[in-house]
Amino acid sequence: MESKIWLSSPHMGGKEQSYINNAFETNWIAPLGPHVNGFESDLQNYLNQDSHVAALSSGTAAIHLGLILLNVSHGDEVICQSKTFSASANPIAYQGATPIFVDSEKDTWNMCPQQLEIAIKDRISKGKKPKAIIPVHLYGMPYKIEEIHNIAKQYDIPVLEDSAEALGSTYNGTKCGTFGDIAILSFNGNKIITTSGGGAIVTKDLKLKEKAVFLATQAREKAVEYLHASIGYNYRLSNVLAGIGRGQMEVLDDHVAARRRNYAFYKDSFKTIEELQFVEEPAGAFSNRWLSCVLTPSQEIREGIRTSLETYNIETRPLWKPMHQQPVFKDAPQYINGVSDELFKKGLCLPSGSNLTENELNRVVSAIKMYFRA
Ligand SMILES: *Cc1c(COP(=O)(O)O)cnc(C)c1O
């Protein structure tokens with residue numbers, strides 16, 4: 001059997017080990033230290049827009065703290081893109097709030113502005129104004145920034161921007177992760193850069209960043225004794241892992257370029273296979289192409305390709321199963337137009353790592369061509 005081709009595997013740049021060694025040499029083996037501060041400032045410089053970054057233990061923790069900073073609590077409602085990874089929605093439940101799922105549009109596969117407005121109006125008419133909106137830049141593709149933020153502004157609802165998959169993506173030249181009242185990033189093992197596990201909160205309000213760090217370090221008040229006036233969390237990033245992050249920031253742009261090359265290679269290789277369709281970037285959008293995705297004609301063909309590639313030891317994955325289809329969220333209110341159900345049936349994520357070799361990319365293309373006998 002040929003070696004396994006993964007969907008998206010970690011890709012070290014080379015300097016990570018020396019940052020880790022430095023953490024050991026200086027004995028900064030703790031959830032604070034110079035690498036945490038350095039990683040935060042690397043991210044701030046990269047994102048620009050006067051961003052303040054708090055490095056955390058995961059993207060999920062970042063969404064949880066983001067909801068707390070937006071005062072989401074028991075009994076509240078939070079609007080969330082249905083087509084996403086469960087981590088976008090779970091923290092709503094951690095807060096005892098109710099997720100309200102909103103379907104996608106076809107151009108970016110992200111939150112549909114029309115459905116969003118329908119949902120907001122309906123929730124208000126039922127007596128509760130949503131406390132926050134969580135749109136997602138799925139697979140790195142920026143959501144409809146202007147439309148979504150205009151609606152949010154019109155109804156005066158804050159946006160928690162889930163940019164877990166979109167570090168390196170831009171809209172009209174502005175980096176994803178800087179559009180929301182609060183944004184979050186993830187550095188999980190399969191993301192565009194990784195610290196093995198990690199995440200961050202991004203905000204333009206220094207006070208909010210400070211509050212995020214305070215809550216992430218057990219909400220310890222300024223006092224000699226351990227004084228607590230609110231509930232805290234243990235959500236800070238380890239200084240060892242932040243060292244990996246500093247090394248990864250040096251190669252982030254290379255990772256984006258490599259993933260975009262993968263996408264271009266697939267698109268060109270399959271241009272004669274009518275059954276496979278790709279989604280282009282709308283005007284103004286620049287996607288990091290975290291994952292290269294194709295649309296097939298049917299669920300049957302999607303599964304046919306997936307299982308056929310499995311026999312070649314190639315990992316692929318259906319697009320995220322929408323949250324409104326998940327058993328755990330079956331009772332959550334939902335505003336559905338059929339788009340994400342259709343995408344889930346037909347869509348497949350192809351191997352997309354920035355470390356794929358030419359030989360590996362060719363193996364994927366050959367295996368898919370074999371399926372279509374093309
Ligand atoms: C990965 C991911 C998260 C969660 O990040 P973790 O660091 O794995 O906790 C949240 N939202 C989306 C869309 C993701 O892909």
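A quick note: this is a predicted structure, and the numbers were derived from the prediction, not measured. (Residues numbered from 1 in each chain as written. Predicted model: local features only at pLDDT ≥ 70, side-chain atom pairs only at ≥ 80, totals over all residues. Heavy atoms only, no water.)

A. Just the overall build of the protein, in detail. Scanning the protein for helices and strands turns up 12 helices and 14 strands. The C-alpha radius of gyration computed for the protein amounts to 21 Å, which stays within 12% of the reference 21 Å derived for 374 residues, consistent with globular compactness. For the protein, the spread of C-alpha atoms along the three principal axes comes to 70 × 60 × 35 Å. Taking the intrachain contacts of the protein between residues at least 6 apart in sequence as the baseline, contacts between residues at least 24 apart amount to 73%. For the protein, the exposed surface amounts to about 15800 Å²; the carbon and sulfur share of it is 51%. Taking the 38 positively charged and 41 negatively charged side chains of the protein as two groups, their mean positions are separated by 2 Å. (Helix = DSSP H or I, 4+ residues; strand = E, 2+ residues; numbered from the N terminus. Rg over C-alpha atoms; globule rule 2.2 N^0.38 Å. Contact = heavy atoms within 4.5 Å. Areas by Shrake-Rupley, 256 points an atom, 1.4 Å probe, with all protein chains shown as cover. Lys, Arg positive; Asp, Glu negative; His and termini not counted. Charge placed at Lys NZ, Arg CZ, Asp CG, Glu CD.)

B. A look at the packing of aromatic side chains. Per the counting criterion, the structure on display carries 10 aromatic pairs. The rings of Phe85, Trp109, Tyr139, Trp290 and Trp320 are connected pair by pair, giving a single aromatic cluster. In this structure, Lys4 packs its charged tip against the face of Trp6, placed 4.6 Å from the ring centre. Over the ring of Tyr226 we find Arg220; its NZ or CZ atom is 3.8 Å from the centre of that ring. (Phe/Tyr/Trp six-rings, centres within 6.5 Å; stacked < 30°, edge-to-face > 60°. Lys NZ or Arg CZ within 6 Å of the ring centre and 35° of its normal.)

C. Region of interest: helix 7 (residues 206-216). Within the span of helix 7, buried status applies to Lys209, Ala212, Val213, Leu215 and Ala216. End-on view of helix 7: buried residues confined to an arc of 165 degrees, all on one side of the axis. The distance from a side-chain oxygen at the start of helix 7 to the backbone nitrogen of Lys207 is 2.9 Å, and the residue carrying that oxygen is Asp205. Note on helix 7: the residue one or two positions beyond its end, Gln218, has a positive phi of about 70 degrees. (Buried < 20%, exposed > 50% of the residue type's maximum accessible area, 1.4 Å probe, protein only. Arc of directions from axis to C-beta. Polar contact = N/O pair within 3.5 Å; in protein donor to acceptor, adjacent residues only side chain to side chain.)

D. Region of the structure containing the sheet that holds strand 6 (residues 170-171). Pairing within the open sheet is antiparallel, and its 3 strands lie in the order 7-6-10. Each edge of the sheet is formed by a strand with only one pairing partner; in this case those strands are strand 7 (174-175) and strand 10 (285-286). Direction of pairing for strand 6 relative to strand 10: antiparallel, over a ladder of 2 bridges. Paired with Tyr171 across the two strands is Ala285, which belongs to strand 10. (Pairing = 2+ DSSP bridges.)

E. Summary view of the packing of helix 2 (residues 34-47) against helix 8 (residues 239-249). As a packed pair, helix 2 and helix 8 sit with axes 7 Å apart at the nearest point and diverge in direction by 35 degrees. Relative to helix 8, helix 2 is oriented so that their crossing is left-handed. Across the interface between the two elements, Pro34, His35, Val36, Gly38, Phe39, Asp42, Leu43 and Tyr46 from helix 2 touch Asn239, Ala242, Gly243, Gly245, Arg246 and Met249 from helix 8. The residue makeup of the contact of helix 2 with helix 8, split by class, is 7 nonpolar, 5 polar and 2 charged. (Axes fitted to C-alpha atoms, helices over the stretch in contact; angles between N-to-C directions. Left-handed = near helix turned anticlockwise from the far one by under 90°. Nonpolar A, V, L, I, M, F, W, Y, C, P; charged D, E, K, R; others polar.)

F. Spatial organisation of the pattern of salt bridges. The tally for this structure, following the rule as stated, stands at 16 salt bridges. Among the salt bridges present, the one from Lys209 reaches Glu40, with a minimum N-O distance of 3.1 Å. Here Lys209, found in helix 7, pairs with Glu40, found in helix 2; they are 169 residues apart in sequence, far enough to count as distant. The pair formed by Lys209 and Glu40 is uniform in burial state, with each residue classed as buried. (Salt bridge = Lys/Arg side-chain N within 4 Å of Asp/Glu carboxyl O.)

G. Local environment of the site of the ligand. Within the structure, the ligand sits among 15 residues, and Gly59, Thr60, Glu165, Ser186 and Lys191 are positioned closest to it. Take Thr60: an N or O atom from its side chain is 2.5 Å from an oxygen atom of the ligand. Alone, the ligand offers 380 Å² of accessible surface; in the complex the protein occludes 95% of this. (Near = heavy atom within 4 Å.)

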